[in-house]
Structures are given as C-alpha cells and as structure tokens.
Amino acid sequence: MNPILFYILSAVLSGLVLFGLSMQSKVKSAVSGNLVCVGVMCFAILLTLVNANAVFNWKLWAAMAVGAVISLIWAKKVKMIEMPQTVALLNGIGGLASALVGSIELVSSNSTVFADITAALALVIGAVTFSGSLVAALKLARIFDSRPSKLPGHSTISILLLALCLIGVALAAFGFRIASLIICTVCALLFGWLFALRVGGADMPVAISLLNSLSGVAGALAGMATANVLLVAVSGIVGSSGLLLTQIMCRAMNRRLMDILLGKTVAIGKTAEKQTDITAESSVKITVPEEEPIEQSPAFSLKNAKNIIIVPGYGMALSQAQHKVKELCSRLEANGASVRFAIHPVAGRMPGHMNVLLAEADIDYEQLYELESINDDFKGCDVVIVVGANDVMNPAAREAEGTPIYGMPILNVDEAPEVIICNYDLRPGYAGVENPLYSRSQGLRLLLGDAKESLEILIGEL
Amino acid sequence: MNNILLHPVWGPLVLIGVFAAASILGYMIIKKVPSLLHTPLMSGMNALSGITVLGALIAGATSSNMIPSLILALAAAALAMVNVAGGFAVTHKMLRMFSKKDKEDAQE
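Residues numbered from 1 in each chain as written. Chains lettered and ligands numbered in written order. Predicted model: local features only at pLDDT ≥ 70, side-chain atom pairs only at ≥ 80, totals over all residues. Heavy atoms only, no water.

> Quick question: what am I supposed to make of the overall build of chain A here?
Of regular secondary structure, chain A possesses 18 helices and 6 strands. The C-alpha radius of gyration of chain A comes to 25 Å, within 12% of the 23 Å expected for a compact globule of 462 residues. Within chain A, residue pairs in contact and separated by at least 24 positions form 78% of the contacts whose partners lie at least 6 positions apart. When the accessible surface of chain A is summed, it comes to about 18,500 Å², and 65% of that surface belongs to carbon and sulfur atoms. Between the centroid of the 32 positive side chains of chain A and the centroid of its 36 negative side chains there is a distance of 8 Å. (Helix = DSSP H or I, 4+ residues; strand = E, 2+ residues; numbered from the N terminus. Rg over C-alpha atoms; globule rule 2.2 N^0.38 Å. Contact = heavy atoms within 4.5 Å. Areas by Shrake-Rupley, 256 points an atom, 1.4 Å probe, with all protein chains shown as cover. Lys, Arg positive; Asp, Glu negative; His and termini not counted. Charge placed at Lys NZ, Arg CZ, Asp CG, Glu CD.)

The following block contains the structure:
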C-alpha cells in the first residue's frame with residue numbers, strides 16, 4: 001500500500017477513536033462511542049494485514065480468533081463485583097502482548113538502533129505492566145492479602161532492578177540483543193511484582209490507573225519499534241487517559257503519586273499509638289446511642305425523612321449489598337422521600353467502582369452525585385445512610401493534622417442532623433485514622449455487622 | 001518502500017511527535033468523561049491498548065520463516081485480542097447497564 005494513503009487512513013482512524021471517546025463522556029451516547037472504537041479496531045486490523053500483505057495468513061487469523069473467543073466467553077460470565085480484578089487482569093494481558101512484540105523486534109536482526117531501544121523499552125514497560133497488574137488483580141480478587149507488604153530492602157532491590165532494566169536497554173542499543181532480552185525480561189517482571197506488592201487496598205485505584213497508563217506507553221513503544229503510526233497514536237491516547245485518571249485519584253486522596261509508589265501508605269509509627277488511646281476513649285461514647293429509647297429505632301427517623309443521602313463505600317462492594325441498597329431506596333421513595341447517592345471519587349477499589357455497582361442494581365445514574373455537587377447538601381438533608389464507607393467521610397481529614405488523610409477532600413456526612421451507619425465494625429478504615437463521627441453523641445445510629453443484613457433490618461422495620 | 005518512518009532521523013522524530021500529539025489530544029478529550037463513567041472508560045482503554053495486536057500482526061507477517069519469533073508473534077496476537085474483545089465486551093456490558101433506564105423510557 002502507498003505509505004501516504006496508510007498515513008491518511010491512520011490519521012482518520014485515530015481521529016475516530018478520539019471521537020468515540022468523546023461520545024463516552026455522556027451516558028446516552030457512551031454505548032455508541034464504544035461501538036465506534038470497536039469499528040476502528042476492526043478496520044485497523046484489516047488495514048495492517050493489507051499493508052503487510054498478510055490478509056490470507058491463516059495463522060494470524062487463527063491466533064486472533066483464539067484470543068477473541070476465549071475473552072468473549074469470559075466477558076459474558078464476568079460479574080460486576082469482579083470488575084476491578086477483571087480490569088487489572090485485562091490490563092496485564094495487554095502489557096504482556098506489548099512485551100512480546102517488543103521481544104520479537106528486539107531479537108530480529110535487521111533493525112535500526114532506535115527500533116532496538118524502543119523494542120527493549122516496550123519489553124521492559126510491558127513486563128512491568130504485566131506482573132504489576134497480575135499482583136494487583138490477585139490482591140483485588142482477595143487471593144493475595146490486600147495490605148501493602150514490604151520485603152526487607154524493598155526500595156534498594158527495586159532501584160537495583162530498575163537500574164538493571166536500564167542497562168538491559170543500553171545493551172540493546174549496542175547490539176547485545178539476547179543479553180538485553182534476558183536482563184530486561186527478568187528484571188522488569190520482578191520490578192513490577194515488587195511494585196504492586198507494596199500498594200495497599202485503598203491505594204489500588206491509583207495503582208490500576210497508573211498500570212493502565214503504562215500499558216498504553218508499552219503499546220506506543222511497540223509501535224515505535226515496528227514503525228506503525230496508528231499503533232503509536234492509539235496507544236498514546238491510552239497512556240494519557242491512564243495518566244489523567246491517576247492524577248484525579250491522587251488528588252481525591254490528597255496523596256502524592258511518589259508516596260504511593262514508594263509504599264508510604266500509612267504512617268504506622270506515631271499515629272498508631274495515638275489511635276489506641278482514642279479507641280479506648282471512644283468505645284465508651286459509642287455505647288451512648290444504644291442506650292436511647294427503643295421506640296426511636298433507626299427506621300423511625302427514616303419514615304419521617306424527606307431528604308435522604310446514601311453514602312456507599314467499599315464495604316458495600318464487599319458484602320454485595322447494592323441490591324439491598326436499591327430495595328431500601330425504593331422503599332424510601334415510595335414513602336415520598338427523595339434519595340440521592342453521594343459518591344467519593346476514591347470510594348471502592350477502582351475509579352468509578354461505586355457507580356458501576358449501583359448501576360448494576362438498577363439505580364438511576366441521575367441519582368448519583370459527585371463529591372463537589374452534593375457536599376453542600378449534607379447540612380440540609382434529614383438523614384444520611386452510610387453503607388460500608390469510612391475514610392471518605394472521616395472528619396479527621398479536616399482537623400487532624402499529621403494523619404495520612406489530613407487534607408483529603410471528604411463527604412461532609414458529619415454536617416447531617418441524623419446519620420445511620422451500616423458498617424462492619426468501628427475500626428479505623430484503610431488509612432488507619434480513628435473516625436470521630438463514630439463517637440458523636442447525637443443523631444447517630446450504628447448498625448454494625450454485614451451491611452446486607454443491616455440493610456435488611458432497616459428495610460424490615462420500614 | 002520509500003517509507004519516511006524507516007528513515008534513521010525522521011522516522012523516530014515523526015513517531016515521537018505522533019505519540020505526543022495523540023497523548024495531548026486524548027488528554028483533552030478524556031478530561032470531559034465524568035467520574036460516573038470512569039470504570040467503563042478504564043476497561044475501554046484496556047480494549048484500546050489491545051491495539052498492540054497491530055504490532056503482533058506485523059511481526060508475525062514478517063517473521064514467518066523464523067519459528068520462535070512466529071510463535072511469539074502469534075501468542076502476542078492472541079493475547080492482544082483477549083484484550084480487544086474482552087475489553088470492548090466488558091465495557092459494552094457496563095455502559096448498557098448505565099443506559100438501561102434510557103432505553104426503557106424510549107420503548108415506552
């Protein structure tokens with residue numbers, strides 16, 4: 001094919017991808033936007049095959065068919081609750097594919113220095129994406145402990161591995177292809193593994209977004225190694241999207257990216273000691289609400305409430321309580337109340353996690369509000385129901401200087417006159433900071449235990 | 001083939017330029033996606049990162065006489081297609097869930 005024609009078609013296809021993505025910024029057009037991207041992908045594959053004179057290469061078609069069929073069956077079976085690990089795993093597979101392309105280009109002898117370097121880099125970043133995403137997926141699927149784990153000399157080993165990766169890339173530039181291949185593969189896989197091992201549960205949204213971005217970068221490098229503009233352009237879009245999400249997540253947690261990468265998850269030392277004192281103190285206060293007259297059951301205030309806000313958190317995902325939340329929501333609405341959902345950007349384990357679960361339970365997306373648009377309404381509402389959320393509404397973020405969550409934007413649940421908390425227990429959330437809301441003397445109901453059962457009690461009493 | 005991308009100086013410059021331009025444009029457009037749709041956005045991006053299948057196809061088409069490279073290329077093509085098909089299917093599933101109500105309204 002004429003290269004000029006190929007460039008023009010590549011530009012058109014890249015433009016269409018951007019168009020499809022811009023359609024995904026509205027719920028109404030998002031499904032079509034996704035289909036535009038599907039179309040672009042099919043056409044891009046055809047174009048590449050034509051360009052490489054390989055339209056009738058049955059082996060290529062067979063390989064693609066195997067991958068597509070396996071994943072379509074998988075996608076059909078996957079449940080919404082498994083979405084975080086699915087996204088992580090898919091991400092890792094993309095990284096692996098780019099790493100393989102990089103390694104093929106690396107060992108092929110008839111290439112330029114630029115192609116060799118980019119191939120080695122694609123191999124490194126692809127392999128990091130693969131092993132990092134794999135660990136993240138295992139943590140999200142709760143096969144691995146989701147707490148950050150640190151090996152002795154973790155940072156030193158990581159830096160050493162990174163340096164070895166760079167040496168491996170340099171070897172590729174000087175033509176030592178096989179040595180480069182081995183060093184890059186081993187060191188990058190280990191580095192990715194160590195990187196994700198150190199990321200704890202609530203930092204997962206950041207880690208997944210970052211790995212998402214890396215899978216794009218790996219693809220772009222593979223594109224540079226194979227001198228394919230289309231691959232470079234589309235992968236560039238993927239890379240920037242992941243980077244954008246990473247930024248949004250970091251801002252929502254008031255964390256610096258480097259702190260998360262270095263595993264500075266929780267300042268365990270000092271704060272832990274302080275917390276034990278607070279716990280001892282607050283456990284006394286917590287009993288206060290339980291001593292209140294029985295006729296004022298949680299449902300009593302709900303029956304008379306007209307303006308209700310529900311705050312979901314990772315606990316809702318864990319107990320799969322989203323359908324019970326929907327049931328409660330319908331009951332309350334039948335009572336004439338208006339029910340809205342306040343969703344913190346980092347609630348859950350990946351960007352948009354809560355929205356997906358609530359949408360699965362048939363809750364109208366127009367009832368879902370972002371932090372900025374609902375935060376001033378907590379004052380004026382009648383009741384707030386918290387379902388498995390803690391850190392995202394911890395007022396300590398405003399006052400307790402020096403704690404890990406200080407300065408993090410939170411949902412102003414404490415401003416509400418009446419709060420019903422359906423959490424598993426009163427232990428501090430992931431950030432390890434005691435929540436002063438739990439020891440509030442007035443307008444607080446605690447329904448401890450599995451969120452699903454707590455919600456059932458509420459629904460039963462209504 | 002007189003391909004500018006294979007030129008030792010211009011090739012890398014053009015490719016890096018394309019990468020930068022695509023990243024910036026993508027960043028501007030994706031910024032408008034609300035946090036409501038961030039999970040489908042991520043899985044959609046997963047699918048798009050499967051575009052690396054193009055690299056696998058090129059490698060597979062050019063290395064048909066080298067068995068190890070061919071096997072790697074075919075594996076890469078299969079894996080990338082897992083991403084493409086799985087990613088798009090999962091995204092479709094999620095987006096349909098969000099717009100379920102709109103469709104019901106339209107049918108009524």
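Following the structure, the description resumes.
> What should I look at first to understand a nonpolar patch on the surface in this one?
Residues and elements named next belong to chain A. Together, Ile4, Ile8, Val12, Leu16 and Phe19 make up a nonpolar patch on the protein surface, roughly 460 Å² of accessible area in all. Here Val12 lies in helix α1 (residues 3-23). For Val12, a relative accessible area of 46% puts it in the partly exposed group. (Patch = residues over 30% accessible without salt bridge, like charges linked within 9 Å, V, L, I, M, F, W, Y side chains within 5 Å. Salt bridge = Lys/Arg side-chain N within 4 Å of Asp/Glu carboxyl O. Buried < 20%, exposed > 50% of the residue type's maximum accessible area, 1.4 Å probe, protein only.)

> What is the right way to look at the pattern of salt bridges in this model?
Opposite charge on two side chains lets them pair, provided their charged atoms get close. All names here are of chain A. Following the criterion strictly, the structure yields 8 salt bridges over all chains and no others. Put simply, Asp116 and Arg177 hold a salt bridge, and the shortest N to O gap is 3.0 Å. Of this pair, Asp116 sits in helix α5 (residues 113-140) while Arg177 is found in helix α7 (residues 177-197), placing the two residues 61 residues apart along the sequence. Exposure remark for Arg177: the relative accessible area of 19% places this residue in the buried category. The salt bridge partner of Arg445 is Glu418, with a shortest N-O separation of 3.3 Å. Taken together, the residues span a long stretch of sequence, with Arg445 in strand β6 (residues 444-446) and Glu418 in the loop between α17 (396-399) and β5 (419-422) at a distance of 27 residues. Each of the two residues, Arg445 as well as Glu418, counts as buried.

> Is there a simple way to think about the interface of chain A and chain B in this case?
Accessible area lost when the parts come together is the quantity often used to give the size of an interface. Counting residues at the interface gives 98 residues for chain A, matched by 81 residues for chain B. For the pair chain A and chain B, the summed buried area comes to about 7,900 Å², and 78% of that belongs to carbon and sulfur atoms. Seen at the junction of chain A and chain B, the total is 0 salt bridges. Along the contact surface separating chain A from chain B lie 18 residue pairs in polar contact (both at pLDDT 80 or more). Of all the secondary-structure elements, those providing two or more residues to the side of chain A that touches chain B are α1, α2 (27-51), α3 (58-77), α4 (83-107), α8 (204-225), α9 (229-253), α15 (353-360) and β3 (368-370) of chain A. Per-element accounting of the side of chain A that touches chain B gives the leading share, 17 residues, to α9 of chain A. (Buried area = accessible area lost by both parts, 1.4 Å probe. Polar contact = N/O pair within 3.5 Å; in protein donor to acceptor, adjacent residues only side chain to side chain.)

> Where do I start with the packing of aromatic side chains in this structure?
Aromatic ring pairs are defined here through the distance separating the ring centres and the angle between the ring planes. All names here are of chain A. Within the structure shown, the criterion is met by 2 aromatic pairs over all chains. With a centroid separation of 5.9 Å and an interplanar angle of 75°, the aromatic rings of Phe144 and Trp193 are classed as edge-to-face. Within this pair, whereas Phe144 is found in the loop between α5 and α6 (154-173), its partner Trp193 is found in helix α7, the two being separated by 49 residues in sequence. In this arrangement the basic side chain of Arg340 is found over the ring face of Tyr369, its NZ or CZ atom lying 5.5 Å from the centre. (Phe/Tyr/Trp six-rings, centres within 6.5 Å; stacked < 30°, edge-to-face > 60°. Lys NZ or Arg CZ within 6 Å of the ring centre and 35° of its normal.)

> Would you take a moment to explain the domain arrangement of chain A for this structure?
Residues and elements named next belong to chain A. Looking at the assigned domains, one finds that chain A contains domain 1 (1-77), domain 2 (86-265) and domain 3 (269-461). Computed from C-alpha coordinates alone, the two centres of domain 1 and domain 2 are separated by 24 Å. Taken together, the 12 residues of domain 1 in the interface contact 9 residues of domain 2. Regarding the contact of domain 1 and domain 2, the summed buried area is about 790 Å², with carbon and sulfur atoms giving 87% of it. Linking domain 1 to domain 2 there are 0 salt bridges. Applying the counting rule to domain 1 against domain 2 returns 0 residue pairs in polar contact (both at pLDDT 80 or more). When residues of the side of domain 1 that touches domain 2 are traced back to their parent elements, those giving at least two are α1 and α2. (Domains from an automatic or database assignment.)

> Explain the environment of Ile157 of chain A to me, please; I cannot follow it from the model alone.
All names here are of chain A. Along the chain, Ile157 falls in helix α6. Under the relative-accessibility criterion, Ile157 is labelled partly exposed at 35%. A sequence separation of 23 residues divides Ile157 from Ser180, and the C-alpha atoms of the two residues are 19 Å apart. In this view, Ile157 contacts Pro152 and Leu194; residues no more than four positions away in its chain are not counted.

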